[in-house]
Structures are given as C-alpha cells and as structure tokens.
Amino acid sequence: MSKLLLGCIADDFTGATDLANNLVRAGMRVVQAIGVPATPLDAEVDAVVVALKSRTIAPAEAIAQSLDALRWLQAQGAQQIYFKYCSTFDSTPQGNIGPVTEALMDALQCDFTIATPAFPDNKRTVFKGYLFAGDVLLNESGMQNHPLTPMTDANLVRVLQAQCTRKVGLVDHTVVARGDAAITECITQLKSEGVSIAMVDAVSNDDLLRLGPALAKMPLVTAGSGVAIGLPANFGLSPSSQASALPPAGGLRAVVSGSCSLATNRQVLDFIQRGGAALAVDPLRIAAGVDVAAEALAWAAPLVAKQPVLVYSTAEAGAVKSVQGKLGVEEAGAMVERTIAAIARGLVDNGVRQLVVAGGETSGACVQALGIAQMQIGPQIDPGVPWCHARAEAADGAGVHIALKSGNFGGDDFFTKAFTVLA
Ligand code: ADP
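Residues numbered from 1 in each chain as written. Predicted model: local features only at pLDDT ≥ 70, side-chain atom pairs only at ≥ 80, totals over all residues. Heavy atoms only, no water.

Residue-level account of the layout of surface pockets, with values.
Taken as a whole, the second largest pocket spans an internal volume of roughly 450 Å³. At the level of secondary structure, the elements contributing two or more residues to the lining of the second largest pocket comprise strand S2 (30-34), strand S16 (374-382) and strand S17 (385-391). Residue composition of the lining of the second largest pocket, grouped by class: 13 nonpolar, 5 polar and 2 charged. Residue assignment places the lining of the second largest pocket across two domains, with domain 1 (6-238) and domain 2 (246-422) each supplying three or more. (1 Å grid on protein atoms, 1.4 Å probe; cavity = no way out; pocket = protein on both sides within 12 Å on 5 of 7 lines; lining within 4 Å. Points joined across faces, edges and corners; volume = space filled by probe spheres on them. Helix = DSSP H or I, 4+ residues; strand = E, 2+ residues; numbered from the N terminus. Nonpolar A, V, L, I, M, F, W, Y, C, P; charged D, E, K, R; others polar. Domains from an automatic or database assignment.)

So, in structure tokens, the structure goes:
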C-alpha cells in the first residue's frame, strides 16, 4: 500500500467534507474518517481527513482528540499534517484554534506554521490580516452574533495571538503576490523576530496556489479548506478524474432533508414542482407520539422501486419558529434529527444505495444511524458537496453512495442533479 501523503484533522464534520472535496479536485484520492479510526487505514489513498467535533468543546478535550488523530495519522505514515478549521475562523477567546495548533506543533516538534482561513471560492479573503466574509469584515458579517463562537474582531493576528503563547505574525499580501521565494524569505525573517505562527493574506485562488510551494517542507499547516488547493502539487499530483473515481452506483435512490435553510427550501420545492415523489414530516406529529418514521417508510416502499423519493422536514422560518415555540428549539431539533436518521436507516435497510442527505446536523445523525465510519470522496455535485462512497452497517457492510449537503449549499435543482451526476 502506498504511504499516506497528507493527514488532516478537521474540527467539524461538514468542514471535513469541504476540505476533502478541495483535495480531490486538486488531484488527491481522499477518505474522510468519522472520528479517529479504531483500525489501520485499509484504502489506497493520498490523504485522510479525520472529522472531529472539537470546535466548541473545552480546549483540553479538543487538544486530546486532535493529538489522538495525529497519532493515528502518523501511524499511517502521513508526511504532512493539516489542521482544518472554519473559513470564518470560528473560535472562542480560549480557542480552540490556537491551543490545538500549539499542541500539534509541540507534538511534531515544529518551529513554524501558518494559519489562514482564506477560501476565495467561498468569498472568504484575508487582507492585512483582516478576514472578510463577502464584502464586509468578519465582525460585520453576522458572525459577531453567532450563538457559540461570536467573532467580534476581524483582525486574525490579534484573535489568534489571544489564543496562543507563541508569537503570531503576518505574511502580508505584498509578499504573497511575489510568490514562493518571497514568502519563504518572509518566513525566515519572521522566525528571526521570534514569530512561530504566521497569518497569511490571500484574496484569490492564485494567492493560494502561490502559497502552496512555500509550504512543501512544513510538517504542519493550519488553515480553512482553501489552502488545500495548492498542496497536492507539492506531491507531484495534478487534477484528474481518477482522484474522484468511485465504484459504480446501483440500488434505489432517495433524499432525506432536515435542513430548513433557504437553499434547501428552494430545492424541496424544485423537486416537487418537477413531479418528484415527496413526503413532508410534521414535527408536531412526532411529538404527539406517532411513529412518523414507520409511516414514511410505508409510503416510500412502493414508490422508491420506480423513482427517487424525498422525505423532508424542511420548512420555512415561520413554521420552524412556531414548532420551536411549542416544543423548544433543542428538543424540536433533536427529535426531527432522530426521525430523519431513522428514515434514512430504514430506506437503506430496504435497498436504497444512493442517498442524499440535506442538513449539517442532520448529516451527522444520518451517518451515525447508518453505521458509517469512513467515506471515500468522489465527484462534486455542486461546490462543496461531493458524492461519497461508504460501507454501511445498515447495508450489511455493502457500499452506499451518499451525499451530505450542508444548509445553504447547492443549486435549486440539487436533488435532481445529484442522481444525474452519479449516473
Ligand atoms: P442546516 O445545514 O440547514 O443548518 P441542520 O441539519 O444542521 O441543517 O439543522 C437543521 C435543524 O433544524 C436540525 O436540528 C433539524 O432537526 C431541525 N429541524 C428540521 N426541520 C424542522 C422543523 N420543521 N421544525 C423545527 N426544527 C426542524
């Protein structure tokens, strides 16, 4: 078996898929592991992304999980480590980006690394150390009101410095624009000034591609998913359809959706308007004790043999608020997630082998219910959302094609297009 080139540690689930997707598009064969695997890697791949859920847990616990992931990746021979966080640098004043970065540096005996959440394809750019989301600074983007990780300062040198004991510096845009040699020279200069971690400006994919070669010898890279586009070339890899090749798809087709994002609402409507077979799940009936999952599976049974079916709890903001008012926000969310996951499990039990799941939290619940531990990343359906292939307990260990779409990703025709891409 070939040696693992890149070992990645992601601080949340859909972020891991986002990174994996970028690596595949740049030419790497990638597997995403749900948590730290208990057994050695048994696939022929260039990179593994270990998906943790460490973004908002206590720093000590985030460090422990990340070091656990590091040890597993090192045991698989990983030549370089990539710590992946959110493109909006989601963190609390305590971390966990800084503490995890420093713990990984200690473990790798790494004296210098970079940090940048820049992801221009997704309108996240860093200039003079300030992060922009679209046309506005991070702290004006709505992220200042995030319930778990409010980001009130767009100056990421300052934000990261507050989380670190090591000195944080900046490789600014005038340097990045001049390319590899200038970046390397700047890093040498920063090191002589006692800097150990450098925020890096990047406002375009060209910047990230110029940055790539300067990172070739770094044991550790920390970034959002954007930097990934410049790394495979360091290992002699270039974009190819081979990287995203999955086993042929077969079996029945279905979509389950627990996302209430605007894009998903449009996607559900589009599927129905095209004449698709769709069933709405009513949270209030779940709360009343009705076995809504069994009902949905009975409804789907005769239809799914002939065409893709959609089961959804997706609703518009007003309806969601009203349900939340009656049941409580968390209780409503957890109940709907459990039901959608049970439906996904039942559909796969009944022969579905091509499954689209809409919703970030919903995806986590479904992957768990299906008994999936690792996913091979395949071709992209729409930006940020690839088809994956996984062995699932729910399919008695057989392969299932699965696409996990977080909230606002995907065009209106996503639920139709997804199956076309696979065919
Ligand atoms: P997204 O990626 O769009 O944010 P998530 O799955 O992460 O989607 O989150 C959606 C949350 O809303 C889940 O907890 C889900 O169970 C919950 N939910 C889904 N449908 C409804 C509904 N009709 N009423 C209330 N909550 C809902």
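Once you've had a look at it, read on.
Give a description of helix H1 (residues 13-25) that names residues and reports values.
Since the α-helix advances by 3.6 residues per turn, residues separated by three or four positions end up pointing in the same direction. Under the 1.5 Å per step criterion, the end-to-end length of H1 is 19 Å for 13 residues, consistent within 8% with the ideal 18 Å. Of the residues making up H1, those classed as buried are Phe13, Gly15, Ala16, Thr17, Asp18, Leu19, Ala20, Asn21, Asn22, Leu23 and Val24. For H1, the N-terminal cap is Asp12; the gap from its side-chain oxygen to the backbone nitrogen of Gly15 is 2.9 Å. Looking one or two residues past H1, Gly27 carries a phi angle of roughly 115°, positive in sign. (Expected span 1.5 Å × (residues − 1). Buried < 20%, exposed > 50% of the residue type's maximum accessible area, 1.4 Å probe, protein only. Polar contact = N/O pair within 3.5 Å; in protein donor to acceptor, adjacent residues only side chain to side chain.)

Describe the pattern of salt bridges, with residues and values.
Under the definition given, this model contains 19 salt bridges. The closest approach of N and O atoms between Asp153 and Arg158, which form a salt bridge, is 2.9 Å. According to the relative accessible area criterion, Arg158 is partly exposed, its value standing at 46%. Of the charged contacts in the structure, one is a salt bridge between Arg210 and Asp207, with a shortest N-O distance of 2.8 Å. Of this pair, Arg210 and Asp207 both sit in helix H7 (residues 205-211), 3 residues apart, which is roughly one turn of the helix. (Salt bridge = Lys/Arg side-chain N within 4 Å of Asp/Glu carboxyl O.)

I'd like to hear about the site of the ligand, residue by residue, with values.
Around the ligand lies a shell of 18 residues, among which Ser259, Ser261, Glu337, Glu361 and Thr362 are the nearest. Here an oxygen atom of the ligand sits 2.7 Å away from a polar atom, N or O, in the side chain of Ser259. For the ligand, an oxygen atom lies 2.6 Å from a polar atom in the side chain of Thr362. About the coverage of the ligand: the protein hides 82% of its 570 Å² of free accessible area. Breaking the shell around the ligand down by element, the ones donating at least two residues are helix H11 (317-327), helix H12 (329-349) and helix H13 (360-370). Residues of the shell around the ligand, tallied by class, amount to 6 nonpolar, 10 polar and 2 charged. (Near = heavy atom within 4 Å. Areas by Shrake-Rupley, 256 points an atom, 1.4 Å probe, with all protein chains shown as cover.)

Run through empty space enclosed by the protein, naming residues and quoting values.
Counted by the stated rule, this structure contains 1 cavity of 30 Å³ or more. Computed from the structure, the largest cavity encloses a volume of approximately 40 Å³. Asp11, Ser54, Arg55, Phe83, Asp90, Asn96, Ile97 and Val100 are the residues that line the largest cavity.

How would you explain the domain arrangement of the protein if you had to name every residue and give the values?
Under the domain assignment used here, the protein contains domain 1 (6-238) and domain 2 (246-422). The centre of domain 1, based on its C-alpha atoms, is set 30 Å off from the matching centre of domain 2. Contacts between the two partners involve 19 residues from domain 1 and, on the opposite side, 19 residues from domain 2. A combined buried area of about 1400 Å² lies between domain 1 and domain 2, and 57% of that area is made up of carbon and sulfur atoms. Contact with domain 2 buries surface across domain 1, with Phe13, Asn21 and Ile34 losing the most and accounting together for 30% of the total. Inspection of the region where domain 1 meets domain 2 yields 2 salt bridges. The salt bridge partner of Lys53 is Glu361, with a shortest N-O separation of 4.0 Å. For the interface between domain 1 and domain 2, the tally reads 5 residue pairs in polar contact (both at pLDDT 80 or more). (Contact = heavy atoms within 4.5 Å. Buried area = accessible area lost by both parts, 1.4 Å probe.)

Pulling in residues and values, what's your account of the side chain of Ser54?
The topology assignment puts Ser54 in the loop between strand S3 (47-51) and helix H2 (59-75). Those residues in contact with Ser54 that sit more than four places away from it in its chain are Asp11, Ala62, Gln65 and Asn96.

Go over the nonpolar core with me, naming the residues and quoting the values.
Buried together is how nonpolar side chains tend to be arranged in soluble globular proteins. Within the largest apolar cluster, 125 residues are counted, with the highest numbers of intra-cluster contacts made by Leu23, Tyr82, Phe89, Val171 and Leu355. Here this core takes 8 residues from H12, the largest share from any one element. Each of two domains, domain 1 (6-238) and domain 2 (246-422), supplies a minimum of three residues to this core. Once you skip the residues sitting within four places of it in the chain, Leu23 turns out to touch Leu6, Cys8, Met28, Val30, Ala47, Val49, Ala228 and Pro232. Membership of the second largest hydrophobic core comes to 17 residues, among which are Val255, Val356, Val385 and Phe414. (Core = buried A, V, L, I, M, F, W, Y, C linked by side-chain atoms within 4.5 Å.)

I'd like a rundown of the pairing of strand S18 (residues 399-405), residues and numbers included.
Regular strands have side chains that alternate between both faces of the sheet. Among the 7 residues that make up S18, 6 are buried, leaving the element largely enclosed by the rest of the structure. By the bridge criterion, 5 bridges tie strand S15 (residues 352-358) to S18 in an arrangement that is parallel. What sits directly across from Gln354, in S18, is His401. With 5 bridges joining them, S17 and S18 adopt antiparallel strand pairing. Bridge assignment links Arg391 to a residue of S18, and that residue is Gly399. (Pairing = 2+ DSSP bridges.)

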